[in-house]
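Listed below are the residues making up each chain.
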Amino acid sequence: MFHVKQRDYPVRLGQVVDLEITGYTSEGQGVARVEGLAVVVAGAIRGETVRAKIEHLGHTAAYGRLLEVLRPSPHRVAPGCPHAGRCGGCAFWHMDYAEELHAKAQRVEDALRRIGGLEVGPVEIVPSPQSTGYRNKAQYPVALVNGKATAGFFRPRTHQVLDVGRCRIQGSAADRAKETVVRWMRACGVSAYDEKTRQGLVRHIYVRTAAVTGQVLVCLVVHGDQIPQENTLVENLLTSVDNLGTVLLSIHKKPGNAVLGDSFRTLYGPGYIEDQLCGLSFRLSPRSFYQVNHDQAQQLYEAAVALAGLTGKETAMDLYCGTGTISLVLARRAARVIGVEIIDQAVADAKENALRNGLTNAEFRCADASQAAAQLAAEGIRPDVIVVDPPRKGLDEAGMDAMVQMAPEKIVYISCDPATLARDLKYLTARGYRLTTARAYDMFPRCAHVETIARLVRADA
Ligand code: SAH
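The shown structure was predicted, so the numbers you read here are calculated from the model rather than taken from an experiment. (Residues numbered from 1 in each chain as written. Predicted model: local features only at pLDDT ≥ 70, side-chain atom pairs only at ≥ 80, totals over all residues. Heavy atoms only, no water.)

With respect to the pattern of salt bridges
Two side chains that carry opposite charge are able to pair once their charged atoms sit near each other.
Next, step 1: Counting across every chain of the model gives 25 salt bridges.
Next, step 2: Close ionic contact of Asp442 with Lys104 constitutes a salt bridge, the shortest N to O distance being 2.8 Å. Here Asp442 is found in the loop between strand 22 (433-441) and strand 23 (451-458), whereas its partner Lys104 is found in helix 1 (residues 97-114), with 338 residues between them in sequence.
Next, step 3: Overall, the relative accessible area of 1% leaves Lys104 in the buried class.
Next, step 4: Connected via shared salt-bridge partners are Glu100, Lys104, Asp442 and Arg446. (Salt bridge = Lys/Arg side-chain N within 4 Å of Asp/Glu carboxyl O. Helix = DSSP H or I, 4+ residues; strand = E, 2+ residues; numbered from the N terminus. Buried < 20%, exposed > 50% of the residue type's maximum accessible area, 1.4 Å probe, protein only.)

Shown next, in the form of structure tokens:
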């Protein structure tokens, strides 16, 4: 990494430079090297020569604004979204899907090599079955824009709401629900929340759509205890959204970036929706995690089960299990499954999901995964397989120590952050495990995130 005083940088603020783009940042921006210094240019593609103006000198890189593409990549395409580059939601509309997949696979490979110190060959990436309209969850921030309540997405690196109209990666029901809520806000004079003054009512419009059943969950996140004209809102949603399953209010009075509040009130329907995944039926509450790309999640979970190599006799553990999706897919092929999850609504969903699918061999605990792992290890539980699917920050050492103590023959690690995955694989491979598989899954087409599945096998097994 390049660590020098900024006055020693080989480029100056305001300077216009021609650059050869050789790779990508983890956010999908182009990167060039100038005398070893990384120069980051959003919207540039590997292999291109671009002209950029240096606008920021950071601690480890300089940042240029793309002025002109002097030699375009054959992968450059006309963006399929009119908001590309102005909306912070997506990163890859300026290139074709093949190049996006290359960038993501390369990111995983680099992380495993550089951070994990692992000797891996080229990392394969499984394309998403759909690259538009695939998202089943939308979280639209709400703000007053030009005097009008507006919902959309944040502009890159800001909290300014951009009114996007139809979002290309969302299903159309989510946008329809959003438009209906915004119309209701404008008609009934309902205020938008302002993060700075902490005044105003509506913070977010959260919409989840079930891919198979088509049911729609709309949750209005408010900085208050109630909303005016509650019935009008529900009636409007019933008229405009097909298959409206439930409408909730989430009470959220704390500052900060968490989208949902802690308490919920159901305005219509049962407070949850139902979907099917890998042939099983799932109840989904707003607070429960559920993969946003249904069809790709199915492929990923099938891979997890295949890598677990179950024969029906095994005990499997599913740490960070959410609503029990992976646990229950495993339970069809294992003797016993123990799932651990920290969100109580998700654990309640997981228990209900086991019941509704008639899977009596899955049990769930509501706890911190690494504390539960230590507890289960102390109870003498020795699973044959542990599946982990943590949030971006990855595992902690106490949790991994407990996993090593339980000595499963296989560990299947599903990760949404290649850097923390690589760090954790380094830790586990130094403690008697061998990496046998690492494969990327494009769960988030057009967006910078990438999912990876890795399998470790006990070296003496
Ligand atoms: N395996 C599930 C969920 C994965 S997302 C699926 O594929 O659907 C990660 C999950 O970890 C979320 O449900 C989140 O609530 C949970 N989580 C976050 N921190 C946790 C912790 N410290 N202990 C246990 N679970 C945690």
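Some words on the pairing of strand 7 (residues 137-145)
Next, step 1: Sheet topology places strand 7 next to strand 11 (residues 202-209); five bridges connect them, and they run antiparallel. Counted as the bridge partner of Lys137 is Arg208 from strand 11.
Next, step 2: Bridge count between strand 7 and strand 8 (residues 148-151): four bridges; the pairing is antiparallel. Paired with Ala143 across the bridge in strand 8 is Thr150. (Pairing = 2+ DSSP bridges.)

Concerning the site of the ligand
Next, step 1: What surrounds the ligand is a group of 15 residues, the closest being Tyr301, Glu341, Asp368, Ala369 and Asp389.
Next, step 2: In the environment of the ligand, a nitrogen atom lies 2.7 Å from a nitrogen or oxygen atom belonging to the side chain of Asp368.
Next, step 3: Out of a free accessible area of 570 Å², the ligand has 88% covered by protein chains.
Next, step 4: Along the lines of polarity and charge, the residues of the shell around the ligand split into ten nonpolar, two polar and three charged. (Near = heavy atom within 4 Å. Polar contact = N/O pair within 3.5 Å; in protein donor to acceptor, adjacent residues only side chain to side chain. Areas by Shrake-Rupley, 256 points an atom, 1.4 Å probe, with all protein chains shown as cover. Nonpolar A, V, L, I, M, F, W, Y, C, P; charged D, E, K, R; others polar.)

Some thoughts on the sheet that holds strand 17 (residues 315-319)
Whenever strands of a sheet pair, they do so through backbone hydrogen bonds, lying parallel or antiparallel.
Next, step 1: Taken in spatial order, the eight strands line up as 6-22-23-21-20-17-18-19 in an open sheet, and their pairing is mixed. In this open sheet, the two strands that pair with only one neighbour each are strand 6 (124-126) and strand 19 (362-366). Taking the axes of each pair of neighbouring strands and ignoring which way they run, one obtains an average angle of 20 degrees across the sheet.
Next, step 2: With four bridges connecting them, strand 17 and strand 20 (residues 385-388) associate as parallel partners. (Axes fitted to C-alpha atoms, helices over the stretch in contact; angles between N-to-C directions.)

What about the packing of aromatic side chains?
Next, step 1: Per the stated rule, a full pass over the model turns up one aromatic pair.
Next, step 2: Ring plane angle 35 degrees and centroid distance 5.2 Å describe the contact between Tyr140 and Phe153, whose orientation is recorded as tilted. Residue Tyr140 is located in strand 7, and its partner Phe153 is located in strand 9 (residues 153-154); the two are separated by 13 residues in the primary sequence.
Next, step 3: Looking at Tyr140, the relative accessible area reads 0%, which means it is buried.
Next, step 4: Of note, Arg283 hangs over the ring of Tyr272, and the distance from its end group to the ring centre comes to 5.0 Å.
Next, step 5: Sitting over the ring of Trp93, Arg446 keeps its end group 4.8 Å from the ring centre. (Phe/Tyr/Trp six-rings, centres within 6.5 Å; stacked < 30°, edge-to-face > 60°. Lys NZ or Arg CZ within 6 Å of the ring centre and 35° of its normal.)

With respect to the sheet that holds strand 3 (residues 37-41)
Next, step 1: Read once around its circumference, the closed barrel built from five strands follows the order 1-2-3-5-4, with strand pairing classed as mixed. If you compare each strand with its neighbour and ignore which way they point, the axes differ by 50 degrees on average.

Thoughts on the pairing of strand 22
When a strand is regular, its side chains alternate between the sheet's two faces.
Next, step 1: Relative to strand 22, strand 6 runs parallel, the two sharing three bridges. Note that in strand 22 the partner of Glu124 across the bridge is Arg439.
Next, step 2: When strand 22 meets strand 23, the two strands line up antiparallel, connected through eight bridges. In the strand pairing of strand 23, Arg439 is matched with Ile453.

Here we look at the environment of Pro391
Next, step 1: Relative to the assigned elements, Pro391 resides in the loop between strand 20 and helix 8 (397-406).
Next, step 2: Using a relative accessible area of 45% as the deciding quantity, one classes Pro391 as partly exposed.
Next, step 3: Separated by 46 residues in sequence, Pro391 and Thr437 have C-alpha atoms that sit 20 Å apart.
Next, step 4: Among residues more than four places away in sequence, those in contact with Pro391 are Tyr320 and Cys416. (Contact = heavy atoms within 4.5 Å.)

Here we look at helix 6 (residues 344-356)
Residues spaced three or four apart along an α-helix point in a common direction, a consequence of the helix completing one turn every 3.6 residues.
Next, step 1: Across its 13 residues, helix 6 extends 18 Å between first and last C-alpha, which sits within 8% of the 18 Å expected from 1.5 Å per residue.
Next, step 2: Listed in full, the buried residues belonging to helix 6 are Ala346, Val347, Asp349, Ala350, Asn353 and Ala354. Summarising the axial view, the buried residues of helix 6 lie within an arc of 160 degrees, below the 170-degree limit, and thus occupy one face. Opposite its buried face, helix 6 presents the exposed residues Asp344 and Leu355, each directed more than 90 degrees away.
Next, step 3: Packing partners of the buried residues in helix 6 comprise strand 16 (280-284), helix 5 (325-331), strand 18 (336-341) and strand 19. (Expected span 1.5 Å × (residues − 1). Arc of directions from axis to C-beta.)

Section: the state of the cysteines
Next, step 1: Scanning the model with the defined rule gives zero disulfides in all.
Next, step 2: The cysteine Cys81 is free of any disulfide, with Cys90 supplying the nearest cysteine sulfur at 6.5 Å.
Next, step 3: Of all cysteine sulfurs, the one in Cys90 lies closest to Cys167, which takes part in no disulfide; the gap is 6.0 Å.
Next, step 4: When its relative accessible area of 11% is taken as the criterion, Cys167 is described as buried. (Disulfide = S-S within 2.5 Å.)

Let's talk about the UniProt feature "domain: TRAM" (unreviewed entry) in the protein
Next, step 1: As recorded in UniProt, the feature "domain: TRAM" (unreviewed entry) lies at residues 10-68.
Next, step 2: Each end of residues 10-68 is marked by a C-alpha atom, and these two atoms are 21 Å apart; helix forms 0% of the span and strand 61%. (UniProt positions renumbered as here; feature names shortened; annotations may be inferred.)

Some remarks on the UniProt feature "binding site: S-adenosyl-L-methionine" (unreviewed entry) in the protein
Next, step 1: In the numbering used here, UniProt assigns the feature "binding site: S-adenosyl-L-methionine" (unreviewed entry) to Gln291, Tyr320, Glu341 and Asp389.
Next, step 2: In this fold, Tyr320 is placed in the loop between strand 17 and helix 5.
Next, step 3: Leave out the neighbours within four places in its chain, and Tyr320 touches Val340, Glu341, Ala369, Asp389, Pro390, Pro391, Gly394 and Leu395.
Next, step 4: Looking at the element boundaries, Asp389 is found in the loop between strand 20 and helix 8.
Next, step 5: In this structure Asp389 comes out as buried when scored by relative accessible area, which is 13%.
Next, step 6: If we skip the residues at most four places from it in the chain, Asp389 touches Gln291, Leu319, Tyr320, Ile326, Ile414 and Glu451.

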